[in-house]
Amino acid sequence: NAGVTQTPKFQVLKTGQSMTLQCAQDMNHEYMSWYRQDPGMGLRLIHYSVGAGITDQGEVPNGYNVSRSTTEDFPLRLLSAAPSQTSVYFCASSSGQGGKLFFGSGTQLSVL
Amino acid sequence: AQTVTQSQPEMSVQEAETVTLSCTYDTSESDYYLFWYKQPPSRQMILVIRQEAYKQQNATENRFSVNFQKAAKSFSLKISDSQLGDAAMYFCAYRLYNNNDMRFGAGTRLTVKP
């Protein structure tokens, strides 16, 4: 019963490096999203997708790219990491409108 | 834009006592969901309780209950008979019926004293 799987759990990058955070869900959910969590700010939506081939920007999209080639996978790409992107990142999925979000276990990212 | 405000950055409660966490939100919509999520030190986000705005009856889940005041745009969480395992960060969240964008408050860190 995997649910939402995120990898890696921890990552350290140098400024300017690129990387991809992986997210996969096995619940056949149409909706997937990426959040970042920063102290005192809660969780903020970066990008989301309502189905394969469809993505849209959330509240804080700058510096991040996403794609959704399959229902199961929704990777988040940092093209040129900056210290301001140091955060905990969560992937989440949902079965339908207004439904609860199922979260992955998070990725702690540090950009030096 | 919808906003969610949690005015208590930190709260503490004695084991077996009751504590209430506050949440207010700002919206011009009438159809939406409200949630409380718990985040223990493991970092996992765990759904505690959900309320549909069209329901007047307050949601309950065992020791957890809400006081939903739609006109006041208030959604507080009451934890009864607090246990050490309740210690965590608690997030209030809002989501429209026809929109997948979920907005979160800044969180309240709850400490449970033995």
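See the structure shown above.
None of these values were measured; they are calculated from a predicted model.

**Student:** Help me out: how do you make sense of the overall build of chain A in this one?
**Tutor:** Per the secondary structure count, chain A includes zero helices and eleven strands. Shown N-terminal to C-terminal, the secondary structure of chain A runs as helices and strands in the order β-β-β-β-β-β-β-β-β-β-β. Taking 112 residues into account, the globule formula puts the C-alpha radius of gyration at 13 Å, and chain A, at 13 Å, falls close to it. Its C-alpha atoms put chain A at 35 × 25 × 25 Å along the principal axes. Within the span of chain A, comprising 112 residues, buried residues form 48% of the whole. Entry remark: accessible area of chain A is about 5,000 Å², with carbon and sulfur atoms responsible for 51%. Each charge sign in chain A was given a centre, from 7 positive and 7 negative side chains, and these centres are 9 Å apart.

**Student:** Before we go on, may I ask you to explain the state of the cysteines in this structure?
**Tutor:** By definition, a disulfide links the sulfur atoms of two cysteines through a covalent bond. All names here are of chain A. This model, assessed by the stated rule, comprises two disulfides over all chains. Covalently, C23 is tied to C91 through a disulfide, its sulfur atoms 1.8 Å apart. Its torsion about the S-S bond being -70 degrees, the disulfide of C23 and C91 is classed as left-handed. With C23 in strand β3 (residues 19–25) and C91 in strand β9 (residues 87–94), this residue pair connects regions lying 68 residues apart in the sequence.

**Student:** Explanation requested: the environment of F75(B) in the structure shown.
**Tutor:** Residue and element names in this part refer to chain B. Mapped onto the elements of the fold, F75 is located in strand β9 (residues 74–79). Judged by relative accessible area, F75 falls into the buried class, the value being 0%. Considering only alpha carbons, one finds F75 and S22, 53 residues apart in sequence, at a separation of 6.7 Å.

**Student:** Could you clarify how one ought to interpret the layout of surface pockets in this entry?
**Tutor:** One number sums up the size of the largest pocket: a volume of about 290 Å³. In terms of lining residues, the largest pocket is bounded by 16 residues, among which Q37(A), Q39(B), M89(B), F91(B) and R109(B) are the most central. Contributing elements (two or more residues each) for the lining of the largest pocket: β4 (31–38) of chain A together with β10 (88–96) of chain B. Its residues assigned to classes, the lining of the largest pocket shows nine nonpolar, four polar and three charged. Taken as a whole, the second largest pocket holds about 170 Å³ of empty space. At the level of elements, β5 (42–51) of chain A together with β1 (3–5) and β11 (102–104) of chain B are the ones that each hand at least two residues to the lining of the second largest pocket. When its residues are assigned to classes, the lining of the second largest pocket shows five nonpolar, four polar and three charged.

**Student:** Before we go on, may I ask you to explain the interface of chain A and chain B in this structure?
**Tutor:** Size of an interface: often given as the accessible area lost when the parts come together. Contacts between the two partners involve 27 residues from chain A and, on the opposite side, 21 residues from chain B. Of the roughly 1,900 Å² buried between chain A and chain B, counting both surfaces, carbon and sulfur atoms make up 51%. Viewed at the interface, chain B and chain A are joined by one salt bridge. For the interface between chain A and chain B, the tally reads nine residue pairs in polar contact (both at pLDDT 80 or more). Every element with two or more residues in the side of chain A that touches chain B is listed here: β4, β5, β9 and β11 (107–111) of chain A. If you tally residues by element for the side of chain A that touches chain B, the top one is β5(A), at four residues. Looking at the side of chain A that touches chain B residue by residue, the class counts come to eleven nonpolar, 13 polar and three charged.

Each value, and the rule that gives it
Residues numbered from 1 in each chain as written. Chains lettered and ligands numbered in written order. Predicted model: local features only at pLDDT ≥ 70, side-chain atom pairs only at ≥ 80, totals over all residues. Heavy atoms only, no water. Helix = DSSP H or I, 4+ residues; strand = E, 2+ residues; numbered from the N terminus. Rg over C-alpha atoms; globule rule 2.2 N^0.38 Å. Buried < 20%, exposed > 50% of the residue type's maximum accessible area, 1.4 Å probe, protein only. Areas by Shrake-Rupley, 256 points an atom, 1.4 Å probe, with all protein chains shown as cover. Lys, Arg positive; Asp, Glu negative; His and termini not counted. Charge placed at Lys NZ, Arg CZ, Asp CG, Glu CD. Disulfide = S-S within 2.5 Å. 1 Å grid on protein atoms, 1.4 Å probe; cavity = no way out; pocket = protein on both sides within 12 Å on 5 of 7 lines; lining within 4 Å. Points joined across faces, edges and corners; volume = space filled by probe spheres on them. Nonpolar A, V, L, I, M, F, W, Y, C, P; charged D, E, K, R; others polar. Contact = heavy atoms within 4.5 Å. Buried area = accessible area lost by both parts, 1.4 Å probe. Salt bridge = Lys/Arg side-chain N within 4 Å of Asp/Glu carboxyl O. Polar contact = N/O pair within 3.5 Å; in protein donor to acceptor, adjacent residues only side chain to side chain.

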